Amino acid sequence: MKDGYREYSGAEHAHASSSDAAQKKDVEPSGTVVTLSSEPFLAADVGGTHARIGLLSFRPNQAAPVVLAYRVYKCAEYTSLDAIVRSFCHEHAVRPQRLALACAGFLHEGKVVNNNLQWPVVPAALEKQLGLSDVEVLNDFEALAYGTAYLDVGDVRPLHRPLQNEKMITGPVVIVGPGTGLGVAVRLPGAKPNVLATEAGHIQLAARVGREQQVLAELTQADTHVPYDYVLSGPGLLRLYGALCRLERQPTVFHDPAAITAAACAGTNACAVETLQLFCGWLGSFLGDLAMLYGATGGIYLAGGFLSQMIEFVEKSTFVSRFLDKGVMRPFQQTVPVYVVDHAQLAVIGAASWLMNGHAQDKAA
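No experiment lies behind these values; they were computed from the predicted model shown.

Side note on the packing of helix H2 (residues 81-92) against helix H3 (residues 123-130)
Link 1 in the chain: Here H2 crosses H3 at 40°, and the two axes come no closer than 10 Å. In this view, H2 runs oblique relative to H3, as classed from their interaxial angle. Judged by the twist between their axes, the crossing of H2 over H3 is right-handed. From H2, Leu81, Asp82, Val85 and Arg86 reach across to H3, where they touch Leu126, Gln129 and Leu130.
Link 2 in the chain: Each residue belonging to the contact of H2 with H3 can be placed in one class, and the counts come to 4 nonpolar, 1 polar and 2 charged.

What to know about the packing of aromatic side chains
Link 1 in the chain: Within this structure, the stated rule accounts for 5 aromatic pairs.
Link 2 in the chain: Ring centres of Tyr73 and Tyr78 lie 5.7 Å apart, and the angle between their planes is 85°; on these two criteria the pair is classed as edge-to-face.
Link 3 in the chain: On the basis of relative accessibility, which here comes to 1%, the residue Tyr73 falls in the buried class.
Link 4 in the chain: Relative accessible area serves as the criterion here: at 22%, Tyr78 is assigned to the partly exposed category.
Link 5 in the chain: Ring centres of Tyr228 and Phe286 lie 4.5 Å apart, and the angle between their planes is 35°; this geometry places the pair in the tilted category. Highlighted residues: Tyr228 in the loop between helix H5 (211-219) and helix H6 (234-247) and Phe286 in helix H8 (residues 270-294), separated in sequence by 58 residues.

What to know about the sheet that holds strand S14 (residues 299-303)
Link 1 in the chain: Reading across from one edge, S10-S15-S14-S11-S12-S13 is the order of the 6 strands in this open sheet, with mixed pairing throughout. A single partner strand is all that each edge strand has here, and the edge strands are strand S10 (156-160) and strand S13 (194-198). Mean inter-strand twist for the sheet, computed between neighbouring axes without regard to direction, equals 25°.
Link 2 in the chain: Examined bridge by bridge, strand S12 (residues 182-188) and S13 share 5 bridges and lie antiparallel to one another. Paired with Arg187 across the bridge in S13 is Val195.
Link 3 in the chain: Contacts between helix H4 (residues 140-147) and the sheet are confined to strand S11 (173-178), S12 and S13, with S12 contributing the most and set at about 45° to the helix.

Looking at the packing of helix H7 (residues 257-266) against H8
Link 1 in the chain: In the contact formed by H7 and H8, the axes pass within 8 Å of each other and the chain directions differ by 100°. The pairing of H7 with H8 is recorded here as roughly perpendicular in orientation. In this structure, H7 contributes Ile260, Thr261, Ala263, Ala264 and Cys265 to the contact, and H8 contributes Ala272, Val273, Thr275 and Leu276.
Link 2 in the chain: Along the lines of polarity and charge, the residues of the contact of H7 with H8 split into 7 nonpolar, 2 polar and no charged.

Structural notes on the nonpolar core
Link 1 in the chain: Counting residues in hydrophobic clusters, the biggest one holds 53 residues, and the most contacted among them are Val176, Phe286, Leu287 and Ile300.
Link 2 in the chain: Top element by residues in this core is H8. It accounts for 13 residues.
Link 3 in the chain: Ignoring sequence-local partners within four residues, the contact set of Val176 consists of Phe141, Leu182, Gly183, Val184, Phe286, Leu287, Leu290, Ile300, Tyr301, Leu302 and Ala303.

Notes on the confidence of the model for the chain
Link 1 in the chain: Per-residue confidence for the chain averages 84 on the pLDDT scale, and 84% of its residues sit at or above 70.
Link 2 in the chain: Low pLDDT, under 50, characterises residues 2-37; the stretch is placed with 68 contacts to residues that sit more than four places away or in other chains.

Considerations on the sheet that holds strand S6 (residues 98-103)
Link 1 in the chain: Taken in spatial order, the 5 strands make up an open sheet running S5-S4-S3-S6-S9, and their pairing is mixed. The outermost strands of the open sheet, each flanked by one partner alone, are strand S5 (66-74) and strand S9 (134-139). For this sheet, the mean angle separating the axes of adjacent strands, direction not counted, is 15°.
Link 2 in the chain: Where H4 meets the sheet, it contacts strand S3 (41-46), S6 and S9, and its direction lies at approximately 85° from that of S9.
Link 3 in the chain: Docked against the sheet, helix H12 (residues 346-356) engages S3, strand S4 (50-57), S5, S6 and S9, running at close to 130° with respect to S3.

Basis of the calculations
- Residues numbered from 1 in each chain as written.
- Predicted model: local features only at pLDDT ≥ 70, side-chain atom pairs only at ≥ 80, totals over all residues.
- Heavy atoms only, no water.
- Axes fitted to C-alpha atoms, helices over the stretch in contact; angles between N-to-C directions.
- Helix = DSSP H or I, 4+ residues; strand = E, 2+ residues; numbered from the N terminus.
- Parallel < 35°, antiparallel > 145°, perpendicular 65-115°, else oblique.
- Left-handed = near helix turned anticlockwise from the far one by under 90°.
- Contact = heavy atoms within 4.5 Å.
- Nonpolar A, V, L, I, M, F, W, Y, C, P; charged D, E, K, R; others polar.
- Phe/Tyr/Trp six-rings, centres within 6.5 Å; stacked < 30°, edge-to-face > 60°.
- Buried < 20%, exposed > 50% of the residue type's maximum accessible area, 1.4 Å probe, protein only.
- Pairing = 2+ DSSP bridges.
- Core = buried A, V, L, I, M, F, W, Y, C linked by side-chain atoms within 4.5 Å.
- pLDDT = per-residue confidence, 0-100.

See the structure below:
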């Protein structure tokens, strides 16, 4: 990540950092004394599987927030989101008043709507239960998109490099994440970047004539809507694998996405290998469509935990050829870079930046 924020890895270090934030001062090169915010705040990235919580602070004229403490929780191990936040605050002995909550799904009538969440998420109830003065909510991929503004070259791994590298083109950036579902957001360039939270993961899956249509017919009934997230996700891998096993009359020996991915990368199971090949082909086509749809000359970023386990497989697959195979639009596709980025703190940083730069107030206005 670019300079402007830092991590505190030790629990005791984080404890001290948060409690001393009001007194801590830094001296700028000009000699001006700048005091860090006396009210560190929380930023969280909550999905169907994990909740990532950070304690952050910021100072005037600094582009990125400072991470004072950070931890990842498994959602299934907790009865509610407020239980996770309480655990984090107790561990670090802090009582922040604000929470920037990046959450899978969208806010509707005061409640976050998403079938993949472990429990209901109601911002007003969180404020009351946790004694917070303010809970601001944005989509988790919206937060990830804001977070891409702080990435360095060392934070990403290229899957497709543009043909011309003489000058970086500033344009829309698309971030895509196959995980429990399939998230997509777009960051538009400008003095104050703006992000579009989308539901592009629900676009109709496009299957090519041949094997893909055979698999699609096995996945669902005729004349039904099948979205991309039905296959381009962790649960989607399981569906693809099950469909292929039925087509090949083979037993289903794997029951979680990680096992399928491991067997495919090792080449030890033919159905697992074909599952991942289909996944990579569909992912390449989907990203190619998004590149054209949004004019993504700023690049496409792939985020998601299990992608890091299969990068070499993706590189050897049809992913890039399918990304480029867009007929007369191929020359444009060749100008769009595609990267894999570690999810980690990116959405937490993005949510904090969104709050810090006044986007929450903008939405309320």
